[in-house]
Amino acid sequence: MTVGKDDVRKIAKLARLALDESRVEPMVGELNGIFQWVEQLNEVDVAGVPPLTSVVEQRLKMRDDVVTDGDAANALMANAPSGEDHFFVVPKVVE
Amino acid sequence: MTLPSKLTDFSLAEARDAVQAKKVSSKELTTAFVKAVADARPLNAFVTETPEKALEMAVASDVRIAHGNARPLEGLPLAIKDLFCTKGVKTTAGSKILGNFVPPYESTVSQNLWDAGAVMLGKTNMDEFAMGSSNETSHFGPVFNPWRARNSNANLVPGGSSGGSAAAVAGNLCLAATGTDTGGSIRQPAAVTGTVGIKPTYGRCSRFGIVAFASSLDQAGPMTRTVRDAALLLKHMASVDPKDSTSVDIPVPDYEATLEDGVKGLRVGIPKEYRIDNMPPEIEQLWQKGIEWLKAQGAQIVDVSLPHTKYALPTYYIVAPAEASSNLARYDGVRYGHRAAGAKDIVDLYERSRAEGFGKEVQRRILIGTYVLSSGYYDAYYSRAQKLRTLILRDFTEAYKTCDVLLTPATPGPAFGVGEKTADPVEMYLNDVFTVTVNLAGLPGIAVPAGLTANGLPLGLQLIGKAFDEATLFKAARAIEIAAGFTAKPTEWWRAA
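This one's a predicted model, so the numbers in the text were calculated from it and none came from an experiment.

Asks: Can you break down the overall build of chain B residue by residue, with the values?
Replies: Along its length, chain B carries 15 helices and eleven strands. Relative to a compact globule of 497 residues, whose C-alpha radius of gyration would be 23 Å, chain B shows 21 Å and is just as compact. Projecting the C-alpha coordinates of chain B onto the three principal axes gives extents of approximately 65 × 55 × 50 Å. Residue burial in chain B is summarised as follows: out of 497 residues, 61% are buried. Taking the contacts inside chain B whose residues are at least 6 apart along the sequence as the reference set, 77% of them involve residues at least 24 apart.

Asks: Could you give an account of the nonpolar core, naming the residues involved and the relevant values?
Replies: Residues and elements named next belong to chain B. Formed by 167 residues in total, the largest nonpolar core has its most connected members in Leu 78, Leu 121, Cys 174, Val 405 and Ala 476. With nine residues, helix α9 (residues 312–327) is the single largest residue contributor to this core. If we ignore the near neighbours within four places in the chain, the residues touching Val 405 are Leu 266, Val 268, Gly 269, Leu 463, Ile 464, Gly 465, Thr 472, Leu 473 and Ala 476.

Asks: For the interface of chain A and chain B, give the residues involved together with the corresponding values.
Replies: Each partner contributes residues to the interface: chain A has 39 residues there, and chain B has 53 residues. At the level of secondary structure, the elements contributing two or more residues to the side of chain A that touches chain B comprise α1 (5–14) and α2 (21–38) of chain A. It is α2(A) that contributes the most residues to the side of chain A that touches chain B, seven residues altogether.

Asks: Which residues make up the pairing of strand β10 (residues 445–452) of chain B, and what values do they have?
Replies: Remark: a regular strand shows side chains that alternate across the two faces of the sheet. All names here are of chain B. Taking burial as the measure, the eight residues of β10 include six buried ones, the bulk of the element. Summarising the sheet, strand β5 (residues 196–199) and β10 pair through three bridges and their orientation is antiparallel. Along β10, the bridge assignment pairs Gly 197 with Ala 447. Note that β10 and strand β11 (residues 458–464) share seven bridges and pair antiparallel. Across the sheet, Pro 449 pairs through a bridge with Gly 460, a residue of β11.

Asks: Now, about the packing of α2(A) against helix α11 (residues 360–373) of chain B: what can you tell me, with residues and values included?
Replies: Interaxial distance between α2(A) and α11(B) falls to 11 Å at its minimum, and their mutual angle equals 60°. If you check the angle between α2(A) and α11(B), you find them oblique. Crossing of α2(A) against α11(B): the hand is right-handed. Taking contact as the criterion, the partners of A:Met27, A:Glu30, A:Leu31 and A:Ile34 in α2(A) are, on α11(B), B:Arg364, B:Leu367 and B:Ile368. Its residues assigned to classes, the contact of α2(A) with α11(B) comprises five nonpolar, no polar and two charged.

Conventions and cut-offs
Every chain is numbered on its own, with residues counted from 1 as its sequence reads. Written order determines the labels here, with chains lettered from A and ligands numbered from 1. At least 70 in pLDDT is required for a residue's local features to be given in this predicted model, at least 80 for side-chain atom pairs to be given and counted, and no such filter applies to totals for whole chains, interfaces and linings, which use all residues. Starting at the N terminus, helices and strands are each numbered in turn, a helix being any DSSP run of H or I of at least four residues and a strand any DSSP run of E of at least two. The globule rule used for comparison is 2.2 Å times the number of residues to the exponent 0.38, while the radius of gyration itself is calculated over C-alpha atoms. Once C-beta atoms are placed from the backbone, each residue is buried if 20 or more other C-beta atoms lie within 10 Å of its own, exposed if 12 or fewer, and partly exposed for counts between those two. By definition, residue pairs are in contact when their C-beta atoms, positioned from the backbone, come within 7 Å. Core membership is restricted to buried Ala, Val, Leu, Ile, Met, Phe, Trp, Tyr and Cys residues, and these are joined into a nonpolar core through C-beta atoms within 7 Å. The rule for pairing is simple: two strands pair if DSSP sees at least two bridges between them. In this analysis an axis means a line fitted to C-alpha atoms, helices contributing only their contacting stretch, and an angle means the value between N-to-C directions, from 0 to 180 degrees. We call two directions roughly parallel when the angle between them is under 35 degrees, roughly antiparallel when it is over 145, roughly perpendicular when it lies between 65 and 115, and oblique otherwise. Two helices that cross are described as forming a left-handed crossing if the nearer one is turned anticlockwise from the farther one by less than a right angle, and a right-handed crossing if clockwise. Residue polarity is assigned by list, with Asp, Glu, Lys and Arg as charged and Ala, Val, Leu, Ile, Met, Phe, Trp, Tyr, Cys and Pro as nonpolar; anything else, Gly included, falls into the polar class.

Right under this line is the structure:
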């Protein structure tokens, strides 16, 4: 499988990464290089093989559905690039 | 026991014994390392130095020692990879996007170390978000390997992604350091800096508070100058943690207690698939030496096969970017981290904050991950890769029917030059050819210094163990350490730089 310029633009959009037009072409080359190398996985017959979902055999632990932490609004806001009264400030979302 | 004449030459275990016996104070020890860190700035091993905090912790440790209630790592200065969140101390993950991030919480692993009495010297440089094998993707510049080839002034990479930690340990800038390993990021830098590094079994250490890269592969581990030090440090890093549901509730043994038990009767598997094409003769010879060393100490050598080995790296380069693209979705310029100026709307804010905040390699992996997870490609790539992982794990399970540990080279070569492999991503990825299978299968692996190349650069051997059998790995690694008698140290060229 090979990717083209439109694919790169599309995945950049999906990934929410602004990709300068000048970088589209080189990225096509880099990604194709990597995908070509990954192609060798198609040699392996994986029919009937279950996907690995956990490397260690254990059931996912459950805990009680109770509040364990909280009331830390100041700490949560401390790293915000822009905030006001415990709200994160962003550009207008709804027109 | 004869102690080294310089405090910074102490091993972690020697320093522990000296501090507990009140032969040396934590303040003396910490002062010596604070100075070593400052003197070694040309290596660029640290992103953040915390000398005041270190001395404050050291003084508090000395009070505890005086009162007779010293803890196991009391007063011992360590360096922490900048991927571990440290409360109130900037944690960057080597990225511009977290360039000013000050965590309001502490990672479980680092908390465990402080609870055991350790002292923090600072945060070490690393590849951005741990994505790299040479420490050249850091936003804060490359780290230089303390080692240089004989009769050469060329700067070499320290490996990656835990390159700052490896350089700090190799250059005697700390007693030991923490690292993390997603595809080889502890073992590969350890091998090319002549230090010891272990990636424990997945689930042995809590991942809480470690900036996430690929959650099903990431594990924390120690980087040290001796095998004993690694055994000691891992004991105090590991824990089951309610904040990480994948941490495993299996008691952490006293690895140091069984360290010298020897390898008599131990079955050591030699996987034939690790004899790769174009393997440098020096690596091949070192591997052979390792086999002889273990045999001479009573181990039984067994030939084994891990038939899916060649698929491990390409599998990794689907699974890791896929998980990374999901994990890194959180960096949006809204709640923390870098925000682009003058965004016209919210999508523009996301797209430009991420484009400005992430470096080239991270962007490349986000794009790969987004592609392999996108509609129509999921089965062809991600699902197939997860099935390959099952086959890779089965290879190991099969091999462990006839052996207890595996012995392999740690890296395909010694440290290379800065800038030498940055042009071709696949060539860079090949550095992890011997280490990555272990992450995919969740198993423990340790790199031990084993020799020098003809031009004086360190090389390591790797031992791979059964899940949660780190104790056997330490024993076997100790046997290699004894036989190799690796005592070489880099010349401290950075002091004159």
